[in-house]
Amino acid sequence: MAIFPQTRTADPLPVIAPRPRRTGAQGGGRRLPSLRHIGPNWYASVMGTAIVASAGVALPVDVPGLRAACTVVWALSAVLLVTLLAARAGHWLHHRDQARAHLLDPAVAPFYGCVAMALLAVGGATLTVGVDVVGVRAALAVDVVLFVAGTAIGLVAAVVVPYLMVVRHRPAPGTASPVWLLPLVAPMVSASQGALLVPHVAAGQGREALLLACYAMFGLSLLATLVVLPLVFARLVHQGPLPLALTPTLFLVLGPLGQSTTAVNQLADAAPGAVAGPYASAFGAFAVLYGVPVMGFALLWLALAGAMVIRATRDGMGFAMTWWAFTFPVGTCVTGAAGLARHTGLDALTWPAVALYAFLVVAWAVAGTRTVRGVVSGALTAAPVPPAAATARTR
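Going by what an unreviewed UniProt entry lists, the chain is known as TDT family transporter and is assigned to Streptomyces microflavus. Under the heading Sequence similarities (unreviewed entry), UniProt records this for the chain: "Belongs to the tellurite-resistance/dicarboxylate transporter (TDT) family." As its UniProt record puts it under Subcellular location (unreviewed entry), the chain is described as follows: "Cell membrane".

Undergrad: Which residues make up a nonpolar patch on the surface, and what values do they have?
TA: Nonpolar side chains collect at one region of the surface, where Val-156, Val-159 and Val-160 lie side by side and expose about 240 Å² of accessible area between them. Structurally, Val-159 can be placed in helix α7 (residues 136-169). Given a relative accessible area of 56%, Val-159 falls into the exposed group.

Undergrad: Tell me about the layout of surface pockets, and name the residues and values.
TA: A volume near 490 Å³ is recorded for the second largest pocket. Along its surface, the second largest pocket is lined by 20 residues, and Trp-42, Ser-45, Leu-80, Thr-371 and Val-375 are the ones closest to its centre.

Undergrad: How would you sum up the environment of Val-334? Please name residues and give values.
TA: Take Val-334: it is sitting in helix α12 (residues 328-344). Overall, the relative accessible area of 0% leaves Val-334 in the buried class. Taking the C-alpha atoms as reference, Val-334 lies 9.9 Å from Thr-261; in sequence the two are 73 residues apart. If sequence neighbours within four positions are ignored, Val-334 has contacts with Ala-55, Leu-59, Ala-353, Leu-356 and Tyr-357.

Undergrad: Lay out the nonpolar core in plain terms, naming residues and giving numbers.
TA: The biggest cluster of nonpolar side chains holds 113 residues, and the ones touching the most others in it are Leu-81, Met-117, Leu-211, Phe-251 and Tyr-357. In terms of residue count, helix α6 (residues 112-134) provides more of this core than any other element does, 14 residues in total. What Met-117 contacts, discounting residues up to four positions off in sequence, is Met-47, Leu-182, Val-185, Ala-186, Val-189 and Phe-328.

Undergrad: Explain the packing of aromatic side chains to me, and be specific about the residues and the numbers.
TA: As enumerated under the stated definition, the model contains nine aromatic pairs in all. Centroid distance Phe-297 to Trp-301: 6.4 Å. Interplanar angle 45°. Geometry classified as tilted. Of this pair, Phe-297 and Trp-301 both sit in helix α11 (residues 277-314), four residues apart, which is roughly one turn of the helix. Relative accessible area serves as the criterion here: at 33%, Phe-297 is assigned to the partly exposed category. Judged by its relative accessible area of 4%, Trp-301 falls in the buried class. Here a set of aromatic residues connected by ring pairs shows up, and it is made of Phe-251, Phe-319, Trp-323, Phe-326 and Phe-359. Looking at Arg-370, its charged tip hangs above the ring of Trp-323, at a distance of 5.9 Å from the centre.

Undergrad: I'd like to hear about empty space enclosed by the protein, residue by residue, with values.
TA: Applying the stated criterion across every chain yields a total of one cavity of 30 Å³ or more. Approximately 200 Å³ is the volume attributed to the largest cavity. If you go around the largest cavity, you meet 20 residues; those closest to its centre are Ala-44, Cys-114, Leu-182, Leu-252 and Ala-325. Among the elements of the structure, α3 (43-58), α6, α8 (182-197), α10 (254-270) and α12 are those that each provide at least two residues to the lining of the largest cavity. Looking at the lining of the largest cavity, its residues break down into 16 nonpolar, four polar and no charged.

Basis of the calculations
- Residues numbered from 1 in each chain as written.
- Predicted model: local features only at pLDDT ≥ 70, side-chain atom pairs only at ≥ 80, totals over all residues.
- Heavy atoms only, no water.
- UniProt positions renumbered as here; feature names shortened; annotations may be inferred.
- Patch = residues over 30% accessible without salt bridge, like charges linked within 9 Å, V, L, I, M, F, W, Y side chains within 5 Å.
- Areas by Shrake-Rupley, 256 points an atom, 1.4 Å probe, with all protein chains shown as cover.
- Salt bridge = Lys/Arg side-chain N within 4 Å of Asp/Glu carboxyl O.
- Helix = DSSP H or I, 4+ residues; strand = E, 2+ residues; numbered from the N terminus.
- Buried < 20%, exposed > 50% of the residue type's maximum accessible area, 1.4 Å probe, protein only.
- 1 Å grid on protein atoms, 1.4 Å probe; cavity = no way out; pocket = protein on both sides within 12 Å on 5 of 7 lines; lining within 4 Å.
- Points joined across faces, edges and corners; volume = space filled by probe spheres on them.
- Contact = heavy atoms within 4.5 Å.
- Core = buried A, V, L, I, M, F, W, Y, C linked by side-chain atoms within 4.5 Å.
- Phe/Tyr/Trp six-rings, centres within 6.5 Å; stacked < 30°, edge-to-face > 60°.
- Lys NZ or Arg CZ within 6 Å of the ring centre and 35° of its normal.
- Nonpolar A, V, L, I, M, F, W, Y, C, P; charged D, E, K, R; others polar.

And the structure:
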């Protein structure tokens with residue numbers, strides 16, 4: 001029995017009929033074949049690793065040795081980001097036909113939002129965790145570069161991917177997927193990470209402009225999510241559960257919920273000194289008035305998604321890269337709950353954050369271990385098996 005029985009058929013990168021391979025500098029299809037099927041969804045592993053570090057230091061409890069462990073995890077996320085950026089550069093250089101096919105495929109294109117979120121997640125973790133290693137100036141410089149790059153890519157993805165869905169992808173009715181949220185939640189990550197940079201901007205219009213720009217990205221992402229989320233739930237109600245290996249993507253809905261709660265709390269922390277007193281107080285009140293109800297809905301969705309995952313597991317769900325959906329979205333709920341606990345002082349919000357973080361660490365360890373095994377065995381870098389062939393194989 002294969003270690004990853006569903007990896008090839010269940011990976012969110014579906015089978016794409018490649019164009020005829022060209023040789024030489026134009027095609028390069030025969031060079032570095034292991035990179036041919038490294039798609040943008042792999043950035044989820046960077047996001048999931050970075051959030052373990054940043055969520056750990058955000059917890060409103062003091063756990064001996066946790067910060068040191070988070071520093072190691074941050075370093076690992078930075079190494080993963082550099083490695084994956086190099087791998088994806090090789091993918092575009094030597095397998096441009098496949099890269100273009102990914103961009104024009106409705107099941108793959110939304111994962112370009114992960115590129116932005118990986119950059120932003122590592123940048124934010126550098127400023128909050130990596131600062132212990134590299135110092136304030138270097139950490140700030142790294143975060144600024146990654147924030148600017150991640151925000152630019154995220155805003156472009158938030159426009160280009162929906163545009164392609166309308167004019168090129170044209171998905172059939174009833175096929176909405178939680179994956180559609182990925183390019184839309186990237187600006188929300190920029191909103192929360194930008195809040196960390198607000199105090200480092202000189203007082204005046206620049207600081208206020210950055211704060212309000214983050215609120216604008218918060219609104220952009222939130223309203224876009226409110227458009228897509230009903231489509232996702234309608235798909236579940238009318239079409240039934242997702243395919244087994246895509247079931248973990250239900251956890252992606254937690255991303256905009258937890259990240260938006262994180263954003264309003266971090267922006268409230270940054271508001272004093274950036275805007276006038278009445279507005280700063282209003283932003284602080286908004287953080288609680290918005291965050292508590294949204295976290296309540298996040299816990300409801302967590303229960304629903306968890307029940308669906310348990311059902312899929314009983315039906316034979318195997319490992320796929322979609323398992324990384326158990327990490328970053330849950331991590332945003334940790335930072336969101338931690339922010340609310342900080343602003344309210346309620347232990348009732350502290351312990352859910354701790355419990356969610358424990359789940360996050362376990363999910364990250366399992367997904368990371370299985371991913372390493374899949375890369376070493378070649379199962380995760382091999383070409384996906386056509387669904388029809390996979391069905392025939394299991395009979």
